[in-house]
Amino acid sequence: CGNFGMLIIEAAQKSVVDFSRTLRAMAGATAARGGQAGGLVTVLSNGTGHRTRYVPSKRADLASGLLFRFRLGFVVNAIYGFFASLFRAFFCCFYLCRNRIMKSSQYKKAVCRMFLGHTRFATSSAPRLNESHPHRFSGPQTVRVWRVGGQGWEATDENYEVYVTHNGDFDYWELFDSLRTQKDLGRWLQNVLNMHKTIASCDSVKVAGMMELLRTQGIWKHSIRLAYQTSVQPSFQHTLNGEMLLEESLLNQITAIAENIFQQHVTGVPASSVLQDSRQVKDLIAVLAKAWYDIGGELRNRCGTCELLAQHSICYFLENDIFTALDKFLSCAHGSFGITACCTLDPNVVAIASRGQAMSVSFNEDLGVVLWGSEASAQMVPIGLVSGGGRGGGGRDIESQGGQSNMVPKCTHRHDLDEDGGEVIEIAICTNTQDRMAQEAAWCASGRMQVQFGESSPNFGRFSPFSMQNNLFLRVHRQKEQGFMPKEKFIAPETLLSLVGVGGDGPSLSRDASQAKDKVAADLADIPPILSFLRKEFSEQNGKNRTTSRHFFKMIRQKVLDKEQCKGDDAKRLMIDVLVTGAEASLWLGEQFASDLQSLFPTLRVIPMSSNKIIGVLSNTRGEAPMSGFAFCSTTMSLKETIVVSISHSGQTFPTLHATHALRKVCGDRVFVLTGSVDSKMSAAVGQHAYIGAPWTGRVWTTYAGWRPSEALTVSTVAAHHVLTELLLYLAEHVVCDEDVQFIKAAGNRFRKEDVKDLYRLDRDCCVKA
């Protein structure tokens, strides 16, 4: 599965950006991860969500079919909107109704266009429409929302919907001091949210339900509902069994009391002065608690003085926007997550999270365009029409230009979220400075409340990363570091990668194979120049692959000498000297490489192993017991001094990427990776940055083949095989030429210089004839 999405600032919409073509290209690129179903959602100017979900037939084009249905939905909405506007115009003849409609739409105007998309490979459930993303737990509902602006606080009635796309697996959520399965959580959410319709069986819809529960900012009813669960309800089982629930009538009653008290509290008071000192906070809590306590009955019996309920309700009311809700969800969730979330109350905001699944955000500063998704290559698609092309499809497709994609603008910078430690990022558009300052004051109030009640104060400050787009604001929270990322760190070259010139040191290819109509033919045509370039680079002393090979041989050489000195030591009996890992085709290549490496160094213990089995042990059981049918655990094998080679063409194959992270923690800088590009997640996992001029760490081999969306394994497999062949030849050459007698004896190598020359000649002849 894979997420993708796009945000266009309003000014950019009126220039060259064609959202339909861009989204189709992104969906097509992301569908390489799975294309059994797909979906798109956006928030319309009237505050409603427009969602399209599509399950294609076996051979249908998911991207084209999804975008066709999505555009068709716009036409239907336009027709419906026309007649609805006539209906509203009739009531606008009455002043009071007109005034109410104007107030209700005051904050609905979107200053950007935002699209959340997803392509799905069905794992937890069948590829059906109701199981497809984007997910929404409950249906649309009208809520009373309080907002703060330059003129102070104001309440309006607005449509409330929360949409989520999720890539990964949602296993458990921490609730009432225990881990709850996503299935039990689904039933719990139905009782809490009073939603008794049948929900989808997949895990991702429960993520949407949790986001609906947690996104409470400005909504007293939802804030009280959440506070009741966190401060009053005695147990998870009570809610699951439908016991001691907060009845809808009682919830409405205490919500009305909170609305009236807060109205009196903020009337005539500047937004910057509301809840800005401890006395105001205590006064509001005391007034709310007393009013609720005076209701008596069941509420008094359950809540006691009601002070804790009031305190939590106020915190959730001020703090839990879509970004904070996603951060809180991720901090208590167990599994793997690449998530995007939006709410119809915030049409100019999207929240993105990553932990255990790759997610990236890319920017084009000139156009004011932001792309994001699970697949970094999907963010390199053209985002504008060809020069001279008109709007509405007047431009030409890349395929018609012979693959020359440099004629259209693309993203210029990319930020990769920390999928190992967990990261949440908010992308927001704000054009009204006065309103933004008032919002900052409200956020600070929430922070002061947390300090007063003994909790850590979050940093609510946003920053604008680009001078040309001063309406674009970000908030970035890294969960492992338990802190917010400042602007200075975000714009550093190792964090915000400049895409200009990245990949320019590879072979010169006649066209971009990813944009070709016949992608397999384009891949086949690229094999000769890529192999020729790899052979040339391995022959250069300062070549990147040769430099990495030099570091690898140095470690292997030391390993051989250490092995000789420790001969007969039972403590070293379980030690793996070299571990080669990958998945599927990469693993098959790795097994052949491991066999040849073992022949070259007979005294070493070289083990090929599936990355799925590595993460199955290291990530879950901590190596204490072997997986069924496979003897890999701490009692049979030791990785304390192991040299690792991880192989993945994409550089982000799920099990191999996570095995690399896990092995890096155990083996340190002895982990090497082989990928199709230096600009990959696995390269970053071993400390190799991709920006121009980044120091070469000597831990990465690259095939320079780049992203290849075709299903057939051609150039990616051939290039990886060739890199491993060149590596073996390099090792063999340096072994036979080594003048250290002790090393030659310890290595147990039987090759002679003439043998290595024959191998070189055979390799060259095979490549030329092929």
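Residues numbered from 1 in each chain as written. Predicted model: local features only at pLDDT ≥ 70, side-chain atom pairs only at ≥ 80, totals over all residues. Heavy atoms only, no water.

*Asks:* Could you give an account of the sheet that holds strand 22 (residues 700-702), with specific residues and numbers?
*Replies:* Adjacent strands of a sheet pair through backbone hydrogen bonds, lying either parallel or antiparallel. If you trace the 5 strands from one edge of the open sheet to the other, you get 19-18-20-21-22, paired in parallel fashion. Edge strands, defined here as strands with exactly one partner in the open sheet, are strand 19 (606-610) and strand 22. Between one strand axis and the next, the sheet turns by 20° as a mean value, whatever way the strands run. Note that strand 18 (residues 578-582) and strand 19 share 5 bridges and pair parallel. Bridging across to strand 19, Thr581 finds its partner in Met609. (Pairing = 2+ DSSP bridges. Helix = DSSP H or I, 4+ residues; strand = E, 2+ residues; numbered from the N terminus. Axes fitted to C-alpha atoms, helices over the stretch in contact; angles between N-to-C directions.)

*Asks:* Can you explain the sheet that holds strand 14 (residues 423-429)? Please cite residues and give values.
*Replies:* Pairing within the open sheet is antiparallel, and its 7 strands lie in the order 8-7-9-10-14-15-16. For this open sheet the edge positions go to strand 8 (178-181) and strand 16 (483-484), each flanked by a neighbour on one side alone. In this structure, strand 10 (residues 349-355) lies alongside strand 14, joined through 6 bridges in antiparallel fashion. Across the sheet, the residue bridging to Ala353 is Val424, located in strand 14. In this fold helix 5 (residues 182-192) packs onto strand 7 (162-175) and strand 8, with an angle of close to 110° to the strand it touches most, strand 7. Where helix 13 (residues 322-332) meets the sheet, it contacts strand 7, strand 9 (333-343), strand 10, strand 14, strand 15 (472-478) and strand 16, and its direction lies at approximately 170° from that of strand 9. (Contact = heavy atoms within 4.5 Å.)

*Asks:* Before we move on, can you summarise the nonpolar core with the specific residues and values?
*Replies:* Counting 80 residues, the largest nonpolar core has Trp188, Trp292 and Phe329 as its most contacted members. If you look at the next biggest cluster of nonpolar residues, it comprises 45 residues, including Phe553, Leu674, Val715 and Phe743. (Core = buried A, V, L, I, M, F, W, Y, C linked by side-chain atoms within 4.5 Å. Buried < 20%, exposed > 50% of the residue type's maximum accessible area, 1.4 Å probe, protein only.)

*Asks:* Tell me what's going on with the confidence of the model for the chain, and back it up with residues and numbers.
*Replies:* The pLDDT averaged across the chain works out to 82; a share of 82% of its residues lies at or above 70. No element of the chain has a lower mean pLDDT than helix 4 (residues 95-104), at 35, and none a higher one than strand 21 (residues 671-675), at 96. Confidence drops under pLDDT 50 across residues 91-108; counting only partners more than four residues distant or on other chains, this segment forms 21 contacts. Ignoring residues within four places in sequence, the model shows residues 386-406, a span with pLDDT below 50, making 35 contacts including any to other chains. (pLDDT = per-residue confidence, 0-100.)

*Asks:* Tell me what's going on with the pattern of salt bridges, and back it up with residues and numbers.
*Replies:* Using the criterion set out here, one finds 26 salt bridges in the structure. Here Arg414 ties to Asp416 by a salt bridge, and the two come within 2.8 Å at their closest N and O atoms. On the basis of relative accessible area, Arg414 is assigned to the buried category, the value being 4%. Residue class for Asp416 comes out partly exposed when judged on its relative accessible area of 27%. (Salt bridge = Lys/Arg side-chain N within 4 Å of Asp/Glu carboxyl O.)

*Asks:* Tell me what's going on with the packing of aromatic side chains, and back it up with residues and numbers.
*Replies:* Enumeration according to the criterion identifies 22 aromatic pairs in this entry. Seen in terms of ring centroids, Phe463 and Phe490 are 5.5 Å apart; in terms of plane orientation they differ by 55°. Their pairing is tilted. Taken together, the positions of Phe463 in the loop between helix 14 (433-452) and strand 15 and Phe490 in helix 15 (residues 487-490) put the pair 27 residues apart, joining distant regions of the chain. Grouped by ring-pair contacts, the aromatic residues Trp146, Trp153, Trp220, Phe262 and Phe317 constitute a single cluster. (Phe/Tyr/Trp six-rings, centres within 6.5 Å; stacked < 30°, edge-to-face > 60°.)

*Asks:* Kindly report on a nonpolar patch on the surface, identifying the contributing residues and their values.
*Replies:* Together, Phe68, Leu72, Val75 and Val76 make up a nonpolar patch on the protein surface, roughly 380 Å² of accessible area in all. One can find Val76 in helix 3 (residues 62-91). (Patch = residues over 30% accessible without salt bridge, like charges linked within 9 Å, V, L, I, M, F, W, Y side chains within 5 Å. Areas by Shrake-Rupley, 256 points an atom, 1.4 Å probe, with all protein chains shown as cover.)

*Asks:* Any chance you could break down the environment of Ala200 for me, citing the residues and the numbers?
*Replies:* Within the secondary structure layout, Ala200 lies in the loop between helix 5 and helix 6 (204-214). Its relative accessible area of 8% is what places Ala200 among the buried residues. Residues Ala200 and Arg128, 72 residues apart in the sequence, show an inter-C-alpha distance of 9.5 Å. Those residues in contact with Ala200 that lie beyond four places of it in its chain are Asn130, Glu131, Val205 and Lys206.

*Asks:* Requested: an account of the side chain of Arg180, with residues and values cited.
*Replies:* Mapped onto the elements of the fold, Arg180 is located in strand 8. Within the buried set, Arg180 has no salt-bridge partner at all; the shortest N-O distance to an opposite charge, 6.5 Å, is to Asp184. Among the polar contacts made by the side chain of Arg180, one reaches the main-chain carbonyl oxygen of Leu175 at a distance of 3.1 Å. (Lys, Arg positive; Asp, Glu negative; His and termini not counted. Polar contact = N/O pair within 3.5 Å; in protein donor to acceptor, adjacent residues only side chain to side chain.)

*Asks:* Which residues make up the pairing of strand 7, and what values go with them?
*Replies:* Sheet topology places strand 7 next to strand 9; 11 bridges connect them, and they run antiparallel. Bridge assignment links Asp169 to a residue of strand 9, and that residue is Ser336. Here 4 bridges tie strand 7 to strand 8, and the two strands are oriented antiparallel to one another. The residue of strand 8 that forms the bridge with Trp173 is Arg180. In sequence, strand 7 turns back onto strand 8 through a hairpin of 2 residues, with Phe176 there showing a positive phi of about 55°.

*Asks:* Talk me through helix 22 (residues 715-736); I want residue IDs and the actual numbers.
*Replies:* In an α-helix, one turn spans 3.6 residues, which is why side chains three or four residues apart end up on the same side. For helix 22, with 22 residues, the first-to-last C-alpha span of 31 Å sits near the 32 Å given by 1.5 Å per residue. Burial within helix 22 is extensive, with 17 of its 22 residues counted as buried. (Expected span 1.5 Å × (residues − 1).)

*Asks:* Any details on the packing of helix 6 against helix 13? Residues and values, ideally.
*Replies:* In the contact formed by helix 6 and helix 13, the axes pass within 9 Å of each other and the chain directions differ by 125°. The orientation of helix 6 with respect to helix 13, classified from their angle, is oblique. Two packed elements cross with a definite hand, and for helix 6 against helix 13 that hand is right-handed. Residues Val207, Met210, Met211 and Leu214 of helix 6 lie in contact with helix 13, whose contacting residues are Ile322, Ala325, Leu326, Lys328 and Phe329. Tallied by class, residues from the contact of helix 6 with helix 13 come to 8 nonpolar, no polar and 1 charged. (Parallel < 35°, antiparallel > 145°, perpendicular 65-115°, else oblique. Left-handed = near helix turned anticlockwise from the far one by under 90°. Nonpolar A, V, L, I, M, F, W, Y, C, P; charged D, E, K, R; others polar.)

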